[in-house]
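Structure assessment
Listed here are the chains, written in short residue letters.
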Amino acid sequence: MVASLLILHYVHYQKSYDRYIESGDRVYRLRYERSAEGGTFVRFSSACPAAAPALREHFPEIEKIARIFRHRAVISYQDKKFQENRMFYIEADFLDLFNIDFLEGDKDALREGSGKAAISASTARKYFGEEDPLGKRISLDQQEDFLITGVYQDFPENSHIKCDILLSYQNLVASRGTELQQSWGHTMFYTYLMLKPGTDAKSLESKFPELIKEQAGELMEYFGVVIYLKLQPLYDIHLNSHFMQELEANGNADTLRYLVIVAIFIMLMAWVNYVNLSTAQALNRAREVGIRKVIGANRRQLIVQFFWETILINIIAVVIAITLCELLLTEFYQFAGLPENLQFLQQSYFWQIIGYLFAGGVILSGLYPVLLLSSYQPRKVLKGKLGNKGSGFGLRRALVLFQYLMALLLIIGTITVSQQISYMRNQPLGFNMEQSLVLKAPRVVSGSMDEKFETFKVEVERLPGVLKSAFCTEVPGRQILWDNGAIHKAGDDPSSGKNYQIVGVDYDYIEFFELEMANGRGFSREFPSDKKALVLNEKAVQWMGFEDPDDAVGKAVDYWGEIYPIIGVVKNFHQQSLKADFEPHIYRFMLSSPRGVFVLKLNSTQVPVTVQAVQKIWQDMFSGNPYDFFFLDDYYNQQYEADELFGRIFGLFSILAIFITSLGILGLTAFSAVQRSKEVGIRKVLGANVSDILYLMARDYIRLLIIAFVVSIPLALYGIRIWLESYAFKMTPDYMIFIIALGVVGIITLMTVFAQTYRVATTNPVKAIRYE
Amino acid sequence: MIQISHLFKYYTNKFIKTYVLQDVNLSVAEGEFVTIMGPSGAGKSTLLYILGMLDEANSGEYFFRNNSVHSLNERQRTHLHKHEIGFVFQNYHLIDELTVYENIEAPLLYQKIKSSDRKGKIAEVLDQFNIVAKKDLFPYQLSGGQQQLVGIARAIIAQPRLLLADEPTGNLNSAQGEEIMELLSQLNRQGTTIIQVTHSEKNAAYGQRIIHLLDGKVVKTEELKKKKTG
Ligand SMILES: Nc1ncnc2c1ncn2[C@@H]1O[C@H](COP(=O)(O)OP(=O)(O)O)[C@@H](O)[C@H]1O
Ligand SMILES: [Mg+2]
């Protein structure tokens, strides 16, 4: 019960995302999708900048609409400097759409003009401590100043978007130009809108294509693409949205569904135990019932009596469960990665769940035994003709069978999840990420960026602790966010253009990660012409329509009208976790970019010293930029965190399931050991030895277990298949897991039965048969 | 066949020893039909259980066909008991969950007798006892007399040398009782040694010797002149 409550709590939290927003049911996110004639289809979570103004103008049913644009940059105030990743240029309506709650300053100041900023309460503390931030100026990349006009309450944890700093939209227009604002080709402009009450989103959506055609028809024709705009309900974002450029990793509705199922299973198993044990008890009480019936109690009175008992037991269970929940809550939050300040008991849904559990418990666990008991024929009972094969026996078997099935499925599930994770972890990735330190590139550099970056690499490589270094725009470990469409084989029709993921890399990148070449070579200082060349991966070669890597090398690519020769093809490697399939990559030559990273291969012996030495060089060369680093293997492995959590939760519950099952079996065998002590005595008189008796008592359970096992195989195989579908690289299920699951449950059953039965099996039979 | 000397059995309750059998000496020859009589609580059942190796004496010697039972270990004793001894109880002690057929089959299962042999033996006994028609019924569907028939059938199915019967007719009316006694004496004529406990003089008359037990002591042994040899 505790477990179920906690799981449901987790699920509720996940579902509570974005619910804090007033009238959130009328709020939608506008998404951009683009299909190319070549068949690629990209779905973004953001929209193009031109969409919002067009919609605002054409559709009066839109009450509010706002674009926001994320900017990652270094913000400084006096000597405090931080890299800010959750900073957005926002249009005025955004403030109302998300009910941003201003603690200080003027909410409306940000709506007009330029050069203004509002910051969240925690950001204010970070830069200003106890000082009043209002009226202070912060600097963006030490180039642009913003006046702080407001401080707002932090976004709740259960918001899919969290903004630390909000900036005037005008500054974005000024810095990136007005032309961009009219683009139908760029994305990254997250657009939210609120419909007037009573507007139907679907019918509004169906009017978009016409507008798009009118405004961007030429563009679509030129690139051979079709653009779509979609409305995504706000509440769907956290759990059901996995598009490109998502603001944060979203939850997974499937995982939650699995968890709810598990929670229900666990609850059912516990009830099953109760039913089982109480029907077993019922036999003992049959005599009492019989007597009561004889002395004139009617069926109604009996039912009432037993129901009260059930209700009492359930009340006790609920009280214990609530107490335990409260005690375990903090642990659970850590375990499941939830923020700690959720008010659990204060929430009305919690009491609702309790109510359901209680009602379910009383009805399911109470009804059957009650009916069973009260329907006994008193005459039969008093004559003692009610063997332990009596009523309820078949039901008890069915319930034990059900428990076995659950336990087996959960164990198989746990092993499968952990096997898939270890499969993914142990598979060769196709690149080497050992001892790699990743440094986020500086944003503010005086002089030539290319030269500075090159010099930095030379400088750090002089350190004894650094083996080699490279620069690139993206390290392995996450989806490449830079993607360009309309790229095709030189000479082909532009309509064959497709979407590719682009990585900017320097001369050393391929060597650094020890990527294998399928053909050709990487970028080389010996060939000055390499600066205008490309390296593809195998998938891109295939994507572009070359026969094989041999065919591709030496040919050329038309990249937005410019022709680049292909000098090499790298073998596919796992840019992302093995959940994701290989994607077409194009490697462009690039020596620097403010969005890139340096990677340094460290000598394993003196890592901390080296990290410090690198920092010194960094500060000398890129002063004013935060020294922000991480280790690549940690970063890469983060991708498996969600799966590991899932695996852990699954594991926990299978242990629980086994525990509940064995408790149930324990109770039942204890009961039947007493019930059958006479039978055991007789059998011993007839020559049975201890092992015969143990076998006798365990036989029923083993038979049930085997039936459960047979039933579980197809179910488990089906479940495994469904689950593995979301992984591009799947392990082949090992059929040993079934045997292991069977073994675990079997051994626990036998141990339970034996522990209970051994005493009965070894007592002197004379005791049992003597008195009747 | 059976040789018992200086047998003592007591129960300890709160450090007080209560003797149930005191210095019992008894010998039974192969093929005999012996009756034990005595008031309730005299120790008759206890003696029978000890003879049947279901229980152990606290001291004294017990030889069963030249095996010194008192010095055998549990395994060996179980083996003897399994193969040589059959039991019949006042309360029949059939297994409620099993049919007549399965009840009779049970001892054979514990002797690891092959399925085909079992079938033959059971068929034979069912026939001999005239209960073929009842073989698929459960105990509660039978009358007391019929249940006791099944009880005896089960006791002799493995062809034990010794049959121990603890008040086998105690719960039966006199007609049923007579049928059972006839059966027992027929078995005895076929060579099975029988030791029975009974309160009825009439039933005791089926035997060749009566041992009177009182407060755990053998107070009198009575030889019956008329031998029912067949
Ligand atoms: N487990 C025991 N603990 C204490 N006393 C017992 C136990 N079993 C039997 N007795 C006592 O042993 C005596 C003999 O019992 P029993 O052999 O059943 O007598 P009978 O069969 O002659 O009626 C009785 O007084 C009984 O109370
Ligand atoms: Mg007795």
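Residues numbered from 1 in each chain as written. Chains lettered and ligands numbered in written order. Predicted model: local features only at pLDDT ≥ 70, side-chain atom pairs only at ≥ 80, totals over all residues. Heavy atoms only, no water.

Describing the overall build of chain B
Along the backbone of chain B there are seven helices and 10 strands. In chain B, the share of contacts with a sequence separation of at least 24, taken over all contacts with a separation of at least 6, comes to 70%. Approximately 10,800 Å² of chain B is accessible, and the part contributed by carbon and sulfur atoms is 47%. (Helix = DSSP H or I, 4+ residues; strand = E, 2+ residues; numbered from the N terminus. Contact = heavy atoms within 4.5 Å. Areas by Shrake-Rupley, 256 points an atom, 1.4 Å probe, with all protein chains shown as cover.)

What to know about the overall build of chain A
For chain A, the helix and strand inventory stands at 25 helices and 22 strands. Looking at chain A residue by residue over its 772 residues, the buried ones come to 53%. Intrachain contacts of chain A at a sequence separation of at least 6 include 79% that bridge at least 24 residues. Taken as a whole, chain A presents about 34,300 Å² of accessible surface, with 55% of it coming from carbon and sulfur. (Buried < 20%, exposed > 50% of the residue type's maximum accessible area, 1.4 Å probe, protein only.)

Some thoughts on the sheet that holds strand E3 (residues 33–37) of chain B
Residue and element names in this part refer to chain B. Taking strand neighbours across the sheet as the criterion, the six strands line up as E6-E7-E8-E3-E9-E10 in an open arrangement whose pairing is mixed. Each of the sheet's edge strands pairs with one partner strand only, and the pair in question is strand E6 (85–88) and strand E10 (217–223). The average angle at which neighbouring strand axes cross in this sheet is 20 degrees, direction not considered. The pairing of E6 with strand E7 (residues 162–166) spans four bridges and is parallel. By the bridge assignment for E7, Val-88 is matched with Ala-165. The strands touched by helix H1 (residues 44–51) within the sheet are E3, E6, E7, strand E8 (193–197) and strand E9 (209–214), with E7 carrying the most contacts at an inclination of about 155 degrees. (Pairing = 2+ DSSP bridges. Axes fitted to C-alpha atoms, helices over the stretch in contact; angles between N-to-C directions.)

Some points on the confidence of the model for chain B
Residues at a pLDDT of 70 or more form 97% of chain B, whose mean pLDDT is 90. Here the complex is predicted with pTM 0.68, and the ipTM for its interfaces comes to 0.88. (pLDDT = per-residue confidence, 0-100.)

Some remarks on the interface of chain A and chain B
Facing the 20 residues of chain A at the interface are 22 residues of chain B. Summing both sides of the interface, chain A and chain B together bury roughly 2,000 Å²; the carbon and sulfur share of this comes to 57%. Counting the contacts that link chain A with chain B gives one salt bridge. Our count for the chain A to chain B interface comes out at three residue pairs in polar contact (both at pLDDT 80 or more). Only helix H22 (677–685) and helix H25 (765–770) of chain A provide two or more residues apiece to the side of chain A that touches chain B. No other element matches the six residues that H22(A) contributes to the side of chain A that touches chain B. Residue composition of the side of chain A that touches chain B, grouped by class: seven nonpolar, four polar and nine charged. (Buried area = accessible area lost by both parts, 1.4 Å probe. Salt bridge = Lys/Arg side-chain N within 4 Å of Asp/Glu carboxyl O. Polar contact = N/O pair within 3.5 Å; in protein donor to acceptor, adjacent residues only side chain to side chain. Nonpolar A, V, L, I, M, F, W, Y, C, P; charged D, E, K, R; others polar.)

Here's the deal with the side chain of Arg26(A)
As for its placement among the helices and strands, Arg26(A) is situated in the loop between helix H1 (2–15) and strand E1 (27–36). Here the side chain of Arg26(A) touches Glu63(A) through a polar contact of 3.2 Å, side chain to side chain.

Some remarks on the site of ligand 1
By nearness alone, 12 residues border ligand 1, and Arg770(A), Gly41(B), Lys44(B), Ser45(B) and Thr46(B) come closest of all. Surrounding ligand 1 is a set of residues that belongs to chains A and B. Tyr11(B) places a polar side-chain atom, nitrogen or oxygen, 3.3 Å from a nitrogen atom of ligand 1. At 2.9 Å from an oxygen atom of ligand 1 is found a main-chain nitrogen or oxygen belonging to Gly43(B). About the coverage of ligand 1: the protein hides 64% of its 560 Å² of free accessible area. (Near = heavy atom within 4 Å.)

Describing helix H19 (residues 607–621) of chain A
Residues and elements named next belong to chain A. Here H19 is 15 residues long and its end C-alpha atoms lie 21 Å apart, about the 21 Å a rise of 1.5 Å per residue gives. For H19, the full list of buried residues reads Val-607, Thr-610, Val-611, Val-614, Ile-617, Trp-618 and Met-621. Projected down its long axis, H19 carries its buried residues within an arc of 120 degrees, all on one side. Away from the buried face of H19 by more than 90 degrees, exposed residues Pro-608, Val-609, Gln-612, Lys-616 and Asp-620 are located. Residues of H19 that are buried in the fold lie against strand E12 (436–440), helix H15 (449–462), strand E13 (466–472), strand E21 (597–602) and strand E22 (629–631). (Expected span 1.5 Å × (residues − 1). Arc of directions from axis to C-beta.)

Let's talk about the nonpolar core
Formed by 90 residues in total, the largest nonpolar core has its most connected members in Tyr404(A), Val475(A), Tyr509(A), Phe513(A), Phe523(A) and Tyr587(A). The element that contributes the greatest number of residues to this core is helix H14 (residues 393–426) of chain A, accounting for 14 residues. (Core = buried A, V, L, I, M, F, W, Y, C linked by side-chain atoms within 4.5 Å.)

Examining unusual backbone geometry
All names here are of chain B. With a phi close to 45 degrees, Arg-65 is a non-glycine residue in the positive phi region. Its location among the elements puts Arg-65 in the loop between strand E4 (59–64) and strand E5 (67–68). Since its relative accessible area comes to 31%, Arg-65 is described here as partly exposed. Positive phi, close to 70 degrees, is recorded for Asn-66, a residue that is not glycine. Turning to its location among the elements, Asn-66 is positioned in the loop between E4 and E5.

Side note on the packing of aromatic side chains
All names here are of chain A. As enumerated under the stated definition, the model contains 42 aromatic pairs over all chains in all. Taking the centre distance of 5.4 Å and the plane angle of 50 degrees together, the rings of Tyr-627 and Phe-629 count as tilted. Judged by its relative accessible area of 16%, Tyr-627 falls in the buried class. Members of the aromatic cluster, joined through ring pairs, are Phe-453, Phe-456, Phe-471, Phe-598, Trp-618, Phe-622, Tyr-627, Phe-629 and Phe-631. Directly above the aromatic system of Phe-82 lies the positively charged group of Lys-126, at a separation of 4.7 Å from the ring centroid. (Phe/Tyr/Trp six-rings, centres within 6.5 Å; stacked < 30°, edge-to-face > 60°. Lys NZ or Arg CZ within 6 Å of the ring centre and 35° of its normal.)

Notes on a nonpolar patch on the surface
Taken together, the side chains of Leu312(A), Ile316(A), Ile320(A) and Leu324(A) present a nonpolar region at the surface, about 360 Å² in accessible area. In this structure, Ile316(A) sits in helix H11 (residues 299–336). (Patch = residues over 30% accessible without salt bridge, like charges linked within 9 Å, V, L, I, M, F, W, Y side chains within 5 Å.)

Some points on the pattern of salt bridges
All names here are of chain A. Across all of its chains, the model carries 41 salt bridges over all chains by this definition. Note that Glu-205 and Lys-202 form a salt bridge whose closest N and O atoms lie 3.5 Å from each other. Residue Glu-205 and its partner Lys-202 are located together in helix H7 (residues 201–205), separated by three residues, close to a single helical turn. For Lys-202, a relative accessible area of 57% corresponds to the exposed category. Of the charged contacts, one joins Lys-457 and Glu-454 as a salt bridge, the two residues approaching to 2.9 Å between their closest N and O atoms.

Description of the sheet that holds E5(B)
All names here are of chain B. The four strands lie next to each other as E2-E1-E4-E5, forming an open sheet whose pairing is antiparallel. The sheet terminates laterally at strand E2 (16–28) and E5, the two strands that pair on one side only. Two strands pair when backbone bridges link them, and E4 and E5 are joined in this way by two bridges, in the antiparallel orientation. Across the sheet, residue Phe-64 finds its bridge partner in E5, namely Asn-67. Of the strands in this sheet, strand E1 (2–13), E2 and E4 touch H1, which is tilted by about 120 degrees from E1.

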